[in-house]
Amino acid sequence: MKNKPNTKTSSQKNILENFRLNVQILSFLGLGIVLILLGSNAPEIHNFIVNDLGINKNSSLSELIESYLGEAKWVGWTILLSSIIVYFIAASIEKFFHTKISPIVTTHVDRLSEELNEVGTNTRRLLSAKLLDNLISASPRDEIRSKLKLIHERAYGPHCAHELGLYSAVSEKLSPFLEPETPHRSDYHQTVTVMENGKDSIIWHEVCSYKIHTICLEPGYENNEEEDSSTPEPKCIKHNVKFSSIVKVAELSFDGDNPKYQLSISVDHEEVFNSLKHLYLDGKTVKLKAEADGISVTHKGSTLEIRLNKEHTIDKPWTDIEIKETSTIYDDYFISSRNEPTCGAKITMNLPDNWSFELIRFGHSEDWTIHQHPTNTLSAWTTKWLMPGITFFCKWQRPEGQQLELVDEGSAEAETQG
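Rules used in this analysis
- Residues numbered from 1 in each chain as written.
- Predicted model: local features only at pLDDT ≥ 70, side-chain atom pairs only at ≥ 80, totals over all residues.
- Heavy atoms only, no water.
- Helix = DSSP H or I, 4+ residues; strand = E, 2+ residues; numbered from the N terminus.
- Buried < 20%, exposed > 50% of the residue type's maximum accessible area, 1.4 Å probe, protein only.
- Contact = heavy atoms within 4.5 Å.
- Lys, Arg positive; Asp, Glu negative; His and termini not counted.
- Salt bridge = Lys/Arg side-chain N within 4 Å of Asp/Glu carboxyl O.
- Polar contact = N/O pair within 3.5 Å; in protein donor to acceptor, adjacent residues only side chain to side chain.
- Phe/Tyr/Trp six-rings, centres within 6.5 Å; stacked < 30°, edge-to-face > 60°.
- Lys NZ or Arg CZ within 6 Å of the ring centre and 35° of its normal.
- pLDDT = per-residue confidence, 0-100.
- Pairing = 2+ DSSP bridges.

This next bit is on the overall build of the chain. The helix and strand inventory of the chain stands at eight helices and 17 strands. Burial statistics for the chain: of 418 residues in total, 32% are counted as buried. By sequence separation, contacts in the chain at least 24 residues apart represent 70% of the contacts at least 6 residues apart.

Within the secondary structure, Glu-206 sits in strand 2 (residues 201-213). One buried charged residue, Glu-206, forms no salt bridge at all, with the nearest opposite charge on Arg-338 at 7.5 Å. At 2.8 Å, the side chain of Glu-206 forms a polar contact with the side chain of Gln-190.

This paragraph deals with the packing of aromatic side chains. Scanning all chains against the criterion turns up eight aromatic pairs. With centroids separated by 5.0 Å and ring planes inclined at 55 degrees, the aromatic side chains of Trp-204 and Phe-334 adopt a geometry described as tilted. Remark: Phe-334 occurs in strand 11 (residues 333-338) and Trp-204 occurs in strand 2; sequence separation between them is 130 residues. Here Trp-204 matches Phe-334 in class, with each residue buried. Each residue in the set Trp-204, Phe-334, Phe-362, Trp-368, Phe-392 and Trp-396 is aromatic and connected to the rest through ring pairs, giving one cluster. Lying over the aromatic face of Tyr-188, Arg-338 brings its terminal NZ or CZ to 3.9 Å of the ring centre.

Let us look at the pattern of salt bridges. Taken as a whole and judged by the stated rule, the model has 12 salt bridges. Among the ionic pairs, Asp-268 bridges to Lys-316, the shortest N-O distance being 3.4 Å. Taken together, the positions of Asp-268 in the loop between strand 4 (261-267) and strand 5 (270-274) and Lys-316 in the loop between strand 9 (303-314) and strand 10 (318-329) put the pair 48 residues apart, joining distant regions of the chain. Residue classification places Lys-316 among the partly exposed residues on the basis of a relative accessible area of 35%.

Predicted confidence across the chain gives a mean pLDDT of 81, with 80% of residues reaching 70 or more. For the stretch residues 404-414, pLDDT sits under 50, and the model shows 31 contacts to residues farther than four places along the chain or on other chains.

So, about unusual backbone geometry. Each neighbour pair has its own omega, and for His-373 with Pro-374 the value is 0 degrees, a cis peptide bond. Looking at where Pro-374 falls in the secondary structure, it is placed in the loop between strand 14 (369-371) and strand 15 (377-386). A positive phi angle is found at Asp-268, which is not glycine, with a value near 50 degrees. Looking at Asp-268, the relative accessible area reads 23%, which means it is partly exposed.

What follows deals with the pairing of strand 8 (residues 295-300). Where strand 8 lies against strand 9, six bridges are found, and the strand directions are antiparallel. When the sheet's bridge partners are listed, Ile-295 is paired in strand 9 with Leu-308. The antiparallel hairpin formed by strand 8 and strand 9 contains two residues in its connecting segment, where Gly-301 sits at a positive phi of about 60 degrees.

Rendered as structure tokens:
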């Protein structure tokens, strides 16, 4: 903000300058008048000093007055007229500078002052930014992390410092995935094919594939730590491969040429679980064979839940995961969800001919490209990140007269979590 001029001081200064000018003009006018009077009365003055004061007529003073005092009249007139001319010229010049020159000078001075202030502000910002860059570059990673909340508070406001604020919630849920040593999912492809199986159930085929990306194992990746850091870059990462499936099954069998339920999970093309090998029916209850590592099975009534939580050693940037599932279930809708951030996804749904989608919903539909042709198919993909939560929901209907009749076990349900 520019400082406002002191109008009182400026006014007093102008009055003082005008007073000085007037005194000078009056002094010259007075001097001119005095000289005119002396020159006009030179003979009388000479007689006065000779006859009345008794000064010798031949003295230097008498001769000086007699010879030159008369000329003082012309000097006086010259001074008087010159003073008047100078006064008007000075007044005109002052007015010209006040009305013409001064505004131009003031404008340029103000503009120069603003430019200098702007340059000063930009310089301070530049120095602050450079200083901040240098501090960030020179500070240890742990120290920067400890100040992240303060940085967000300074950037967005004090609400970011609140324990119940959005920053705290996002940091708690998602910041672990920012670690280069923490793997995340990428290129998640999910293809579902629904086939008719009478009026009470459907046959569900699902193929799901994605990649686990471990950034710190990328060739040439630098973790931005100090050169003399005693912590070596990791050569391998321990990571738990997770999967869960909850279905309302209509029929169950794990053997024979046409089993009613199949699930296989492969990591880097190596099978870590296969329902044909690891599950069996004990009467009407699904049980797990002892050699299945990291698998848990819960079977109550017609609801079957299978969970995988198996430790895997990752020694390269990209790890391939593939999941194939076939089941005979009661269902007329599908829920796809994510329980960790995923970069990019594609979902494909294929219904039988003449079937149609009754409802389709995406968590953030503006992030997806969605195609439906013909109407019993759906293809959607995105290159953006998917946050934890429900990604996709759809409900379908059979042609008129073939609507699904749900059995006594309750509402149909099919849910797959990546």
